Protein chains: 2
Amino acid sequence: MIQIALLGFGVVGSGTAEVLTENRTIIEKRLGEAFNIKYILDLREFPNHPLGDRVVHDIAPILADPSVKVVAEMMGGSHPAYEFTKAALEAGKSVVTSNKEVVANFGTELLRVAREHHVSYLFEASVGGGIPIIRPLRDDLAPNRIFSISGILNGTTNFILSKMKNDGADFADALKEAQALGYAEANPAADVEGKDAARKIVILAALAFGVLLSPDEISVEGITKITKEQTEVAEALGCAVKLIGHTERIGDRVLALVSPHLVPAASPIHHVDGVFNGILVDADMLGKTFFYGAGAGKLPTASAVVSDILHAATDATELPTWEKATPDRVADPADRVCRRAFFFKGCERCAEATKAHFGYEKFVLRNGGFAFIGCPMNGKETEKAIRACGKELCWTLPVLD
Amino acid sequence: MIQIALLGFGVVGSGTAEVLTENRTIIEKRLGEAFNIKYILDLREFPNHPLGDRVVHDIAPILADPSVKVVAEMMGGSHPAYEFTKAALEAGKSVVTSNKEVVANFGTELLRVAREHHVSYLFEASVGGGIPIIRPLRDDLAPNRIFSISGILNGTTNFILSKMKNDGADFADALKEAQALGYAEANPAADVEGKDAARKIVILAALAFGVLLSPDEISVEGITKITKEQTEVAEALGCAVKLIGHTERIGDRVLALVSPHLVPAASPIHHVDGVFNGILVDADMLGKTFFYGAGAGKLPTASAVVSDILHAATDATELPTWEKATPDRVADPADRVCRRAFFFKGCERCAEATKAHFGYEKFVLRNGGFAFIGCPMNGKETEKAIRACGKELCWTLPVLD
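Residues numbered from 1 in each chain as written. Chains lettered and ligands numbered in written order. Predicted model: local features only at pLDDT ≥ 70, side-chain atom pairs only at ≥ 80, totals over all residues. Heavy atoms only, no water.

> Please explain unusual backbone geometry as it appears in this structure.
Peptide bonds are trans in most cases, and residues, glycine excluded, mostly fall at negative phi. Cis geometry is found at the peptide bond from histidine 79 of chain A to proline 80 of chain A, where omega equals 5°. The phi dihedral of histidine 118 of chain A falls on the positive side, at around 55°, and the residue is not glycine. With respect to the secondary-structure elements, histidine 118 of chain A resides in the loop between helix 5 (100-116) and strand 6 (121-122). The phi dihedral of lysine 362 of chain B is positive, around 55°, even though this residue is not glycine. Locating lysine 362 of chain B in the fold gives a position in strand 16 (residues 360-366). (Helix = DSSP H or I, 4+ residues; strand = E, 2+ residues; numbered from the N terminus.)

So this is what it looks like as structure tokens:
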């Protein structure tokens, strides 16, 4: 009998109990034995829930109970989730989590502690909700050198951008609708300012390159300044505006950033609409592989938690070794070579002279200005071209390859 | 030191040697020890290849060598690949394969033999080339009941259909171009008649539902009869014609089929262009998840083979238990409830009366006829509606949800 403890009985925690209960037969068949949810740690009581009698308010009995093999941490926030996770690993229990904040901030240490105690620390649910991405990256892509990972990692912002594109809404109205539908929180800052996506992209970067960057120190730009004009110009250029978490290796350094990008229709990311997530991995042997699905939500996220519980209960999964990023391992975003879209004020005649400084493809005239997609350049070359052309730049956004 | 034998040194076999050699460092880091390609079984000699001295022409020394832990079978065809696989498993060696024909025809038995000898039989490369799909289905989706799997499982036919759609080519010209580019073989029957996709969909069906259907007994229709008119009408209805492998559970029975479908733009499968593959899985907890990438090709397929070698060398992977499909477990394709597109001869006035028998959405007039997408019906209801409307049906195709 596998004894399980759930930490946190909110959306994901109660969803995990639901998946475990609803699909108990297939899960126990896979486990090869029965399981039991022995403890549920939460500050609240749940007297009317069928598992209400499992609720405890203190981590101590869980840590002290040698029968508990797997702890699923779904509390959210860094503290006390980090402390509880570390204590559980030190007590010889495997921990699985949906908590991207803890993984992004303390993953290096927690993976080390797990290895030292011969237990697992798994976090499939921390990125992309229910989409299988962490385990495929670790397992299926293991024979590959990864070049880059780019993705829509936050469903709330993608819903807002989809609304702006499909209905011509502006940011404020689209945000209001997302809030009314429960896709955005009353305080939407973590989503719309890109912080949630930042935590996820540093986790993916660590899986790809072995170096965990701090989500607070990477370049992060959200979608609060995205305008209807940008959405329309993007469409005229054959693209959609998407909030992209991106990581790539530049020499020996790792770049990770979150920024609105123009995504061309040829990319599978272009077609990710609404609250879905989509993640594109580019690797040396495999080429481009794309993973798409429910990036959040109670049951999809819980499905990922339960798949980790299955692994933690049955295997000794080989855990990755991450290094904490020292400054010499962190790439400067200005060193990224990519295409960019530019919108300059001016007439068609000005445009001809301007384009010559950039090389370009696709060109549109709009609102007393002109927009085009330039050739791949790094940040310095881009700045130089902007200075050299002498025209007034209204805005520029990177284009995803 | 992990000793590996490769059976077959064609495209995938030599690609596997290339992946193992090129990325030896990261692969050995993951294995936790060194590996060696000890044998390469092929009828030919490769005197100029760096691994030419490993070539043998007889399986016997490989089977007799107790140091060989993993055998990678990439011979293609059922025989002698099946016999060699069985003998290797019985000799206590794990086998990994890219050979969909063997898995689709003999998977039930080979998985049983592997379990009996406490070794692995893994086949990530048999479906979707390099795309991670077998392991995610087994591992990440383990807590889910799967409703259906639908996908573009053959890159050759998708290239041809993409050409027909994007360039207005007819089937014969698009096939010629595919052959000229090396995407289609001189004898393209296995691809264009849907046999390759049939093998893959029965493997996916077995993973989802535990029952292995015979690829020769399921309903299989290829793309040889797809016309420019169908391609154009599909587009007018907001869809693309795609060759789809589809499996779903109907009651206690399993349906698996291969057929051209109309795929609406809202589906991620719609946007899979050219030689790529894309597979959509619908599951109870996770909802819809989509996997996209290189469905064939030397290095992508080899990447999947090597990921299986890594697993076979390090884990005792829990293998699925498949049953051979008895007639009482096989669903009648006519019991599938789905929307269908219809093209009838007739004028706009005839159309009004006709549509009433089907319920409909989207409607177009074209070429002295009219097309629409009807409401979901099973086969009998569809036939009844066609008879009742009394109009001449030119063609009908299922629509993917």
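> How do you make sense of the relation of the copies chain B and chain A when you look at a structure like this?
Each of the two chain copies can be brought onto the other by rotation about an axis and movement along it. With an axial shift of 0.0 Å and an RMSD of 0.0 Å, the rotation relating chain B to chain A amounts to 180°. Expressed as an axis order, the relation between the two copies is that of a two-fold axis. Scanning chain B for the C-alpha nearest the rotation axis identifies phenylalanine 291 of chain B, at a separation of 2.5 Å. A symmetric contact is evident, with 100% of the interface residues of chain B recurring at the interface of chain A. (Least-squares fit on C-alpha atoms with pLDDT ≥ 70 in both. Contact = heavy atoms within 4.5 Å.)

> Whenever I open this one, empty space enclosed by the protein confuses me. Can you help?
Summary: where empty space remains is shown by rolling a probe the size of a single water molecule over the atoms. Residue and element names in this part refer to chain B. Counted under the stated rule, the structure contains one cavity of 30 Å³ or more. Taken as a whole, the largest cavity spans an internal volume of roughly 170 Å³. Along the wall of the largest cavity there are 16 residues; nearest its centre are Leu122, Ile134, Arg135, Arg138 and Thr317. Secondary structure elements with two or more residues in the lining of the largest cavity: strand 6 (121-122), helix 6 (134-138) and helix 12 (298-314). It is helix 6 that provides the largest number of residues to the lining of the largest cavity, a total of three residues. (1 Å grid on protein atoms, 1.4 Å probe; cavity = no way out; pocket = protein on both sides within 12 Å on 5 of 7 lines; lining within 4 Å. Points joined across faces, edges and corners; volume = space filled by probe spheres on them.)

> Any chance you could explain the packing of helix 7 (residues 155-167) of chain A against helix 8 (residues 171-180) of chain A here in plain terms?
Residues and elements named next belong to chain A. Between helix 7 and helix 8, whose axes approach to 9 Å, the crossing angle comes to 125°. For the element pair helix 7 / helix 8, the angle class is oblique. Crossing of helix 7 against helix 8: the hand is right-handed. Across the interface between the two elements, Phe159, Ile160, Lys163 and Met164 from helix 7 touch Phe171, Ala174, Leu175, Glu177 and Ala178 from helix 8. Partitioning the contact of helix 7 with helix 8 into residue classes produces seven nonpolar, no polar and two charged. (Axes fitted to C-alpha atoms, helices over the stretch in contact; angles between N-to-C directions. Parallel < 35°, antiparallel > 145°, perpendicular 65-115°, else oblique. Left-handed = near helix turned anticlockwise from the far one by under 90°. Nonpolar A, V, L, I, M, F, W, Y, C, P; charged D, E, K, R; others polar.)

> Before we go on, may I ask you to explain the confidence of the model for chain A in this structure?
Segments scoring low in pLDDT should not have their predicted coordinates read at a detailed level. Predicted confidence across chain A gives a mean pLDDT of 96, with 100% of residues reaching 70 or more. Taken over the whole predicted complex, pTM reads 0.96, whereas the ipTM for its chain interfaces reads 0.95. (pLDDT = per-residue confidence, 0-100.)

> Where do I start with helix 8 (residues 171-180) of chain B in this structure?
Counting along an α-helix, one turn takes 3.6 residues, and residues three or four places apart therefore face a common direction. All names here are of chain B. Listing the buried residues of helix 8 in full gives Phe171, Ala174, Leu175 and Ala178. Summarising the axial view, the buried residues of helix 8 lie within an arc of 100°, below the 170-degree limit, and thus occupy one face. Of the exposed residues in helix 8, the ones pointing more than 90 degrees away from its buried face are Lys176 and Ala180. On its buried face, helix 8 is in contact with helix 7 (155-167) and helix 9 (189-192). Where helix 8 terminates, the next one or two residues include glycine 182, which has phi positive at roughly 80°. (Buried < 20%, exposed > 50% of the residue type's maximum accessible area, 1.4 Å probe, protein only. Arc of directions from axis to C-beta.)

> Whenever I open this one, the sheet that holds strand 10 (residues 239-250) of chain B confuses me. Can you help?
What holds strands together in a sheet is hydrogen bonding between their backbones, with the strands either parallel or antiparallel. Taken in spatial order, the 12 strands make up an open sheet running 9(A)-11(A)-10(A)-7(A)-12(A)-13(A)-13(B)-12(B)-7(B)-10(B)-11(B)-9(B), and their pairing is mixed. Looking at which strands have only one partner, the edges of the open sheet turn out to be strand 9 (219-220) of chain A together with strand 9 (219-220) of chain B. Where strand 13 (residues 287-294) of chain A meets strand 13 (residues 287-294) of chain B, three bridges bridge the pair, whose relative direction is antiparallel. Across the sheet, phenylalanine 291 of chain A pairs through a bridge with phenylalanine 291 of chain B, a residue of strand 13 of chain B. Lying over the sheet, helix 7 of chain A contacts strand 7 (146-152), strand 10 (239-250) and strand 12 (276-283) of chain A, oriented at roughly 140° with respect to strand 10 of chain A. (Pairing = 2+ DSSP bridges.)

> Which parts of the structure should I look at to understand the packing of aromatic side chains?
All told, the structure shown has 41 aromatic pairs over all chains when counted by the stated rule. Between the aromatic rings of phenylalanine 344 of chain B and phenylalanine 372 of chain B, the centroid separation amounts to 6.1 Å while the plane-to-plane angle is 15°, which identifies the pairing as stacked. Residue phenylalanine 344 of chain B is found in strand 15 (residues 340-345), and its partner phenylalanine 372 of chain B is found in strand 17 (residues 369-374); the two are separated by 28 residues along the sequence. A relative accessible area of 0% places phenylalanine 372 of chain B in the buried class. Aromatic ring contacts, followed pair by pair, group Phe342, Phe344, Phe358, Tyr360, Phe363, Phe370 and Phe372 of chain A into a single cluster. The ring of phenylalanine 35 of chain B carries arginine 24 of chain B above its face, with NZ or CZ at 4.3 Å from the centroid. Between the NZ or CZ atom of lysine 355 of chain B and the centre of the ring of phenylalanine 363 of chain B, over which it lies, the distance is 4.1 Å. (Phe/Tyr/Trp six-rings, centres within 6.5 Å; stacked < 30°, edge-to-face > 60°. Lys NZ or Arg CZ within 6 Å of the ring centre and 35° of its normal.)

> How do you make sense of the state of the cysteines when you look at a structure like this?
Two cysteines joined by a covalent bond between their sulfur atoms form a disulfide. Residue and element names in this part refer to chain A. This model, assessed by the stated rule, comprises zero disulfides over all chains. Cysteine 239 takes part in no disulfide bond, and the closest cysteine sulfur to it belongs to cysteine 338, at a distance of 12 Å. The buried category is assigned to cysteine 239, whose relative accessible area is 2%. In this model cysteine 350 remains outside any disulfide bridge; the closest cysteine sulfur is found in cysteine 347, 3.2 Å from its own. (Disulfide = S-S within 2.5 Å.)

> Honestly, the sheet that holds strand 1 (residues 2-7) of chain B in this entry has me stumped. Any pointers?
Residue and element names in this part refer to chain B. Taken in spatial order, the six strands line up as 3-2-1-4-5-6 in an open sheet, and their pairing is parallel. Every interior strand has two partners, whereas the edge strands, strand 3 (55-56) and strand 6, have only one. Looking at chain direction, strand 2 (residues 35-41) and strand 3 are connected through two bridges and run parallel. Bridge pairing links isoleucine 40 to valine 55 in strand 3. Of the strands in this sheet, strand 1, strand 4 (68-73), strand 5 (94-97) and strand 6 touch helix 12, which is tilted by about 155° from strand 4.

> Honestly, the pairing of strand 16 (residues 360-366) of chain A in this entry has me stumped. Any pointers?
Walk down a regular strand and you will see the side chains alternate between the two sheet faces. All names here are of chain A. Bridge count between strand 16 and strand 17 (residues 369-374): six bridges; the pairing is antiparallel. By the bridge assignment for strand 17, leucine 365 is matched with phenylalanine 370. Two successive antiparallel strands, strand 16 and strand 17, enclose a turn made up of two residues, where asparagine 367 displays a positive phi of approximately 50°.

> Explanation requested: the interface of chain B and chain A in the structure shown.
Bring the parts together and some accessible area is lost; that lost area is often taken as the interface size. Across the boundary between the two partners, chain B contributes 40 residues, which contact 40 residues of chain A. Counting each side, the surface lost to burial between chain B and chain A is near 3600 Å², with a carbon and sulfur contribution of 56%. Considering only the side of chain B, the residues that lose the most area to chain A are Arg30, Pro143 and Met285 of chain B, jointly responsible for 20% of the buried surface there. On the surface where chain B and chain A come into contact, there are six salt bridges. Among the salt bridges present, the one from aspartate 140 of chain A reaches arginine 135 of chain B, with a minimum N-O distance of 3.0 Å. For the side of chain B that touches chain A, the elements supplying multiple residues, two or more each, are helix 1 (11-22), helix 2 (24-31), helix 6, strand 13 and helix 12 of chain B. (Buried area = accessible area lost by both parts, 1.4 Å probe. Salt bridge = Lys/Arg side-chain N within 4 Å of Asp/Glu carboxyl O.)

> Got a minute to help me understand helix 1 (residues 11-22) of chain A in this structure?
All names here are of chain A. Compared with an ideal rise of 1.5 Å per residue, which puts 12 residues at 16 Å, helix 1 spans 16 Å between its outermost C-alpha atoms and is within 8% of the ideal. Residues of helix 1 that are buried: Val12, Gly13, Ser14, Gly15, Thr16, Ala17, Val19 and Leu20. Where helix 1 is buried, its residues meet strand 1 (2-7), helix 2 (24-31), strand 2 (35-41) and helix 12 (298-314). (Expected span 1.5 Å × (residues − 1).)

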